[in-house]
Amino acid sequence: MSAERVRHLLQQLRTELDRANVDAETLASMRELDRDIRRALDASERPVAGLTDRAKAIEVEFAVKHGVAERILREIVETLAKIGV
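All values derive from a computational prediction rather than experimental measurement. (Residues numbered from 1 in each chain as written. Predicted model: local features only at pLDDT ≥ 70, side-chain atom pairs only at ≥ 80, totals over all residues. Heavy atoms only, no water.)

Draft legend 1. Representation of the overall build of the protein within the structure. Within the protein, the secondary structure is distributed over four helices and zero strands. When the helices and strands of the protein are placed in sequence order, the string is α-α-α-α. What you see for the protein is a C-alpha radius of gyration of 12 Å, in line with the 12 Å of a compact globule of 85 residues. Dimensions of the protein, computed from C-alpha atoms along their principal axes, come out at roughly 35 × 20 × 20 Å. (Helix = DSSP H or I, 4+ residues; strand = E, 2+ residues; numbered from the N terminus. Rg over C-alpha atoms; globule rule 2.2 N^0.38 Å.)

This is the structure:
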């Protein structure tokens, strides 16, 4: 259930980023993070090192300019922690 919640939140985040004016560098970082989170949720692969730290760093960037995206990413980080990723 929690992994499915993370996938749902990632979809919400992608939708929000499509609406927001996000710079190319941040968008590229978010795409890479999205890919790594999806890999981590796949039971056949080990979590990518530093995944949570990267997510938190992007969350800080979003806090100033993209409040909705920041809230969604914060929830993703919290859910990943709960499921041990």
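Now that the structure has been shown, the text picks up again.
Draft legend 2. A look at the packing of helix α2 (residues 24-41) against helix α3 (residues 51-65). Here α2 crosses α3 at 145 degrees, and the two axes come no closer than 10 Å. Considering only the axes of α2 and α3, their crossing is left-handed. Every residue of α3 that contacts α2 at T26, S29, M30, E32, L33, D36, I37 and A40 is listed here: L51, R54, A55, I58, E61 and F62. Of the residues that constitute the contact of α2 with α3, the class distribution is eight nonpolar, two polar and four charged. (Axes fitted to C-alpha atoms, helices over the stretch in contact; angles between N-to-C directions. Left-handed = near helix turned anticlockwise from the far one by under 90°. Contact = heavy atoms within 4.5 Å. Nonpolar A, V, L, I, M, F, W, Y, C, P; charged D, E, K, R; others polar.)

Draft legend 3. Spatial organisation of the packing of α3 against helix α4 (residues 67-83). Interaxial distance between α3 and α4 falls to 7 Å at its minimum, and their mutual angle equals 160 degrees. Judged by the inter-axis angle, α3 sits roughly antiparallel to α4. Helix-helix and strand crossings are classified by hand; for α3 and α4 the assignment is left-handed. Where α3 abuts α4, its residues T52, A55, K56, I58, E59, F62, A63 and K65 lie against G67, A69, E70, L73, R74 and V77. (Parallel < 35°, antiparallel > 145°, perpendicular 65-115°, else oblique.)

Without other data, these values stay purely geometric and don't point to any function.
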